Amino acid sequence: MSATPERARRSGLRTASWGLGAASVALPAALFAYQSHQLRVWAEQHPGGVCGMGMFAAIALSALLSIGLSALALLLGWLDHREWRRPLSLRRAIELLLVGAVCEAALVACAAALVANAWD
């Protein structure tokens, strides 16, 4: 059974949504690990006190990258979701909610980092 062009495009949106959802977790984590390593190396080379704004910037940048990628994943999942016949299966609805949950978790993490830094 061959896939129609419309079905292949929908499948592509769904695959891209899941790929971006995974990237919204992996890429910010890798970016934060790289930046924190570079900040640690810099701090070891310079004696004296070190300002924490560099680490805060690393946290904020990673959180913003996560928010952006997961929002794009949610948008692609929503576009794919709109084109499905009704009624949708429960499995498909849960899948879309999981992709959206990553976006929500990134927003909460960013807000928590901002609040934690404001009280220090």
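Residues numbered from 1 in each chain as written. Predicted model: local features only at pLDDT ≥ 70, side-chain atom pairs only at ≥ 80, totals over all residues. Heavy atoms only, no water.

Draft legend 1. Geometry of the nonpolar core. Membership of the largest hydrophobic core is limited to 6 residues, which are Leu13, Leu20, Ala23, Leu69, Ala73 and Leu76. Elements that contribute at least two residues to this core include exactly helix H1 (5–45) and helix H2 (53–82). (Core = buried A, V, L, I, M, F, W, Y, C linked by side-chain atoms within 4.5 Å. Buried < 20%, exposed > 50% of the residue type's maximum accessible area, 1.4 Å probe, protein only. Helix = DSSP H or I, 4+ residues; strand = E, 2+ residues; numbered from the N terminus.)

Draft legend 2. Focus on a nonpolar patch on the surface. The grouping of Trp18, Leu90, Ile94 and Leu98 at the surface amounts to a nonpolar patch, some 420 Å² of accessible area in total. A relative accessible area of 40% means that Trp18 is categorised as partly exposed. (Patch = residues over 30% accessible without salt bridge, like charges linked within 9 Å, V, L, I, M, F, W, Y side chains within 5 Å. Areas by Shrake-Rupley, 256 points an atom, 1.4 Å probe, with all protein chains shown as cover. Salt bridge = Lys/Arg side-chain N within 4 Å of Asp/Glu carboxyl O.)

Draft legend 3. Structural view of the side chain of Ser62. Examined against the element boundaries, Ser62 turns out to sit in helix H2. Among the residues examined, Ser62 registers a relative accessible area of 7% and is labelled buried. A distance of 2.9 Å separates a polar atom in the side chain of Ser62 from the backbone oxygen of Ala58. If sequence neighbours within four positions are ignored, Ser62 has contacts with Pro28, Leu31, Phe32 and Gln35. (Polar contact = N/O pair within 3.5 Å; in protein donor to acceptor, adjacent residues only side chain to side chain. Contact = heavy atoms within 4.5 Å.)

Draft legend 4. Highlighting the confidence of the model for the protein chain. The pLDDT averaged across the protein chain works out to 76; a share of 73% of its residues lies at or above 70. No element of the protein chain has a lower mean pLDDT than helix H3 (residues 90–119), which averages 68, and none a higher one than H2, which averages 84. (pLDDT = per-residue confidence, 0-100.)

Draft legend 5. View of the environment of Ala71. You can see Ala71 is positioned in helix H2. Overall, the relative accessible area of 33% leaves Ala71 in the partly exposed class. Residues Ala71 and Leu20, 51 residues apart in the sequence, show an inter-C-alpha distance of 9.1 Å.

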